[in-house]
Amino acid sequence: MSVLVRAAQVLLGRALHADQEVLVDDGVIVAIGSRGELGDAAPVLEGSVLAPGYIDLHVHALDGRGLIGEVDVDGLSRALLSRGVTSFLAT
């Protein structure tokens, strides 16, 4: 299944590029281009900035959820994800 993501800015390398579209096919990015360059399909998702997720290599807890006191790994995962963290090392 193909998904077209349209963003006001896309982080490519170390620079933000304006008005970009990203075509994702079966979970894999297959093309990145300027707005309208990837065809006229309606975007499924529109956002302001599209960037890779963060990785937190040392986390105990966030928003009262985590590994201190009552263990809540699912709650910690959701709290981190809401801030752009897609992977973490629980310490």
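Refer to the structure printed above.
Heads up: these notes are all about the structure in this document. (Residues numbered from 1 in each chain as written. Predicted model: local features only at pLDDT ≥ 70, side-chain atom pairs only at ≥ 80, totals over all residues. Heavy atoms only, no water.)

When its secondary structure is counted, the protein shows one helix and eight strands. The linear arrangement of helices and strands in the protein, starting from the amino end, is β-β-β-β-β-β-β-α-β. Over its C-alpha trace the protein gives a radius of gyration of 17 Å, far above what one expects of a compact globule, namely 12 Å for 91 residues. Pairs at least 24 apart in sequence give 40% of the contacts found in the protein among residues at least 6 apart. On the protein, roughly 6200 Å² of surface is accessible, and the fraction owed to carbon and sulfur atoms is 56%. Measuring between centres, the 6 positive side-chain charges of the protein sit 7 Å from its 12 negative side-chain charges. (Helix = DSSP H or I, 4+ residues; strand = E, 2+ residues; numbered from the N terminus. Rg over C-alpha atoms; globule rule 2.2 N^0.38 Å. Contact = heavy atoms within 4.5 Å. Areas by Shrake-Rupley, 256 points an atom, 1.4 Å probe, with all protein chains shown as cover. Lys, Arg positive; Asp, Glu negative; His and termini not counted. Charge placed at Lys NZ, Arg CZ, Asp CG, Glu CD.)

Attention now moves to the environment of L67. Counting through the fold element by element, L67 comes out in the loop between strand 7 (65-66) and helix 1 (73-81). Between the alpha carbons of L67 and H17 there is a distance of 38 Å; along the sequence they are 50 residues apart. For L67, the contacting residues outside a window of four places in its chain are V59, H60, A61, V73, A90 and T91.

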